[in-house]
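Letter by letter, the chains look like this.
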Amino acid sequence: MRIAILSRSPRLYSTRRLVEAAEARGHEVVVLDTLHCYMNINSLDSSIHYKGEELAPFDAVIPRIGASITFYGTAVLRQFEMMGVYPLNESVAISRSRDKLRSMQLMARKGIGLPVTGFAHSPDDIPDLISMVGGAPLVIKLLEGTQGIGVVLAETRKAAESVIEAFLGLKANIMVQEYIKEAGGADIRCFVVGDRVVAAMKRQAADGEFRSNLHRGGTASVVRITPEERATAVRAARTMGLNVAGVDILRSNHGPVVMEVNSSPGIEGIELSTGIDVATKIITFIEKNGRSNHTRTRGKG
């Protein structure tokens, strides 16, 4: 197969491993800087150009689209879809998962376990919003935040009111969630490929930190997940419409709750902590499913 990888750099661990895995299985791989792709959009012969030349046809495309370039990245991916190229994750599914509020609403509708979550616009509603999620301590999240940036733990009601007022005063979109104290600063990253969790790791926050992101000094280790956690991760990915996803789960007193579904999960942490060849599992999934025009939206989403 001829496979394109949309990535800002071929030197990134995840991109490099996907190239290695695909080439080891005899595929031709081309890494394309997403922001250097540009499109000819017309009703007769749409195309994608790159560095002054029209791209030759591809069989499949692997989107590694960072949160900061979601709008342009999904536009490029949608163009590939319109041209019949098989996307590992579809543009509409990526957009769906990147909207934290929308993704929470979709999972709630499917009955997937979630932390109690509140969303409001008016400062007048702050007292009731705090009570709605069980009071302090609580977690306040910027909807546009990534890698733990824009996530605040407010330990008292007064602190929560002050932080929420500050964010709303800056016209920032935030959501407020119950704090799952019993998780002990740890979460579980389940790496879903297709309808299976192919690897899982426990991420433990550094001392004095409640965010378990590896970018924030968290540590990773192998973890054995329960059948309920496995099923929750697969259902969350399916609800977003993602073939490949990193589903972050907390162990609460009322069962597993999903914190986030990541449409471009990093491969480095999960491979190094578990020893599982996740990159090859992704490539074999494409081999089994990557047929021309085999998308649900065909770029219409």
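Just so it is clear, the structure is predicted and the values come from calculations on it, not from any experiment.

A. The arrangement of the environment of glutamate 268 in detail. Along the polypeptide, glutamate 268 turns up in helix 8 (residues 268–274). In the structure, glutamate 268 is positioned 245 residues away from glutamate 23 in sequence and 18 Å away in space, judged by C-alpha atoms. Those residues in contact with glutamate 268, other than ones at most four positions away along the chain, are Tyr13 and Ser14.

B. Representation of helix 4 (residues 100–109) within the structure. Those residues of helix 4 lying buried are Lys100, Leu101, Ser103, Met104, Leu106 and Met107. Those residues of helix 4 that are buried lie in contact with helix 3 (91–98), strand 8 (117–118), strand 9 (138–142), strand 11 (174–178), helix 7 (227–240) and strand 16 (255–262).

C. Inspection of a positive patch on the surface at higher detail. Together, Arg109, Lys110, Arg235 and Arg238 make up a region of like positive charge exposed at the surface. Locating lysine 110 in the fold gives a position in the loop between helix 4 and strand 8.

D. A look at the pattern of salt bridges. Counted by the stated rule, this structure contains eleven salt bridges. Where glutamate 161 meets arginine 157, a salt bridge forms, and the shortest distance between an N and an O atom there is 3.7 Å. One end of the pair, glutamate 161, and the other, arginine 157, are both in helix 6 (residues 157–169), four residues apart, so they sit about a helical turn from each other. Look at glutamate 161 and you get buried, because its relative accessible area is 18%. Here arginine 157 falls in the partly exposed class, since its relative accessible area comes to 34%. Ionic pairing is found between aspartate 248 and arginine 203, a salt bridge with its closest N-O pair at 3.1 Å. Placement of aspartate 248 in strand 15 (residues 244–252) and of arginine 203 in strand 13 (residues 196–204) is noted, with a sequence separation of 45 residues between them. Exposure remark for aspartate 248: the relative accessible area of 6% places this residue in the buried category. Connected through salt bridges with shared partners, the residues Arg17, Glu20, Glu271 and Asp277 form a single ionic network.

E. Main features of a nonpolar patch on the surface. A contiguous nonpolar surface patch, about 280 Å² in accessible area, is contributed by Ile41, Met82 and Met83. Within the fold, methionine 83 resides in the loop between helix 2 (70–82) and strand 7 (86–87).

F. Structural view of the nonpolar core. Grouped together as the largest cluster of nonpolar side chains are 43 residues, with contacts concentrated most on Leu6, Leu32, Phe80, Met107, Val247, Val258 and Val261. Ranked by the residues each element gives to this core, the list is headed by helix 7, at five residues. Ignoring any residue separated from it by four or fewer positions in sequence, one finds phenylalanine 80 in contact with Leu6, Leu32, Ile48, Leu55, Phe58, Val61 and Val85. Counting residues in each nonpolar core, the second largest holds 26 residues, with Val19, Ala21, Ile267 and Ile283 among its members.

G. Spotlight on the sheet that holds strand 4 (residues 47–50). Reading across from one edge, 3-4-5 is the order of the three strands in this open sheet, with antiparallel pairing throughout. Each edge of the sheet is formed by a strand with only one pairing partner; in this case those strands are strand 3 (37–40) and strand 5 (53–54). Here strand 3 pairs with strand 4 via four bridges, running antiparallel. Residue cysteine 37 lies in a different strand from strand 4, and its bridge partner there is tyrosine 50. Seen against the sheet, helix 2 touches strand 3 and strand 4 and runs at an angle of roughly 50° to strand 3.

H. Structural view of the pairing of strand 13. In the sheet, strand 12 (residues 186–193) pairs with strand 13 via eight bridges, with the strands oriented antiparallel. Paired with arginine 189 across the two strands is methionine 201, which belongs to strand 13. Turn length for the strand 12-strand 13 hairpin, with the two strands adjacent in sequence and antiparallel, is two residues, and the turn residue glycine 194 shows positive phi of about 70°. One ladder, built from four bridges, connects strand 13 with strand 14 (residues 219–222); its direction is antiparallel. Across the sheet, the residue bridging to arginine 203 is alanine 220, located in strand 14.

Each value, and the rule that gives it
Each chain has its residues counted from 1, running along the sequence as written. Local features in this predicted model are restricted to residues of pLDDT 70 or higher, and side-chain atom pairs are both shown and tallied only at a pLDDT of 80 or more, whereas totals for entire chains, interfaces and linings draw on every residue. Side-chain descriptors were evaluated using all non-hydrogen atoms of the structure, hydrogens and water having been removed beforehand. Secondary structure is summarised from DSSP: a helix means a run of H or I of at least four residues, a strand means a run of E of at least two, and numbering begins at the N terminus for each. We call two residues contacting when some pair of their heavy atoms lies within 4.5 Å. Remark: exposure states derive from per-residue accessible area (1.4 Å probe, protein chains only) relative to the maximum for the residue type, with buried under 20%, exposed over 50%, and partly exposed in between. Patch criteria: residues need more than 30% relative accessible area and no salt bridge. Like-charged residues are merged within 9 Å; nonpolar side chains of Val, Leu, Ile, Met, Phe, Trp and Tyr are merged within 5 Å. For the accessible areas, the method is Shrake-Rupley and the probe is 1.4 Å, while residue cover comes only from the protein chains on display. For this document, the term salt bridge refers to a Lys or Arg side-chain nitrogen within 4 Å of an Asp or Glu carboxyl oxygen. Residues scored as charged are limited to Lys and Arg (positive) and Asp and Glu (negative), so that His and the chain ends carry no count. In this description, the location of a charge corresponds to atom NZ of lysine, CZ of arginine, CG of aspartate or CD of glutamate. Among buried residues, the Ala, Val, Leu, Ile, Met, Phe, Trp, Tyr and Cys ones that are joined through side-chain atoms within 4.5 Å form a nonpolar core. Any two strands with at least two DSSP bridges between them are considered paired. The angle between two axes is taken between their N-to-C directions and runs from 0 to 180 degrees, where each axis is a line fitted to C-alpha atoms and a helix contributes only its stretch in contact.

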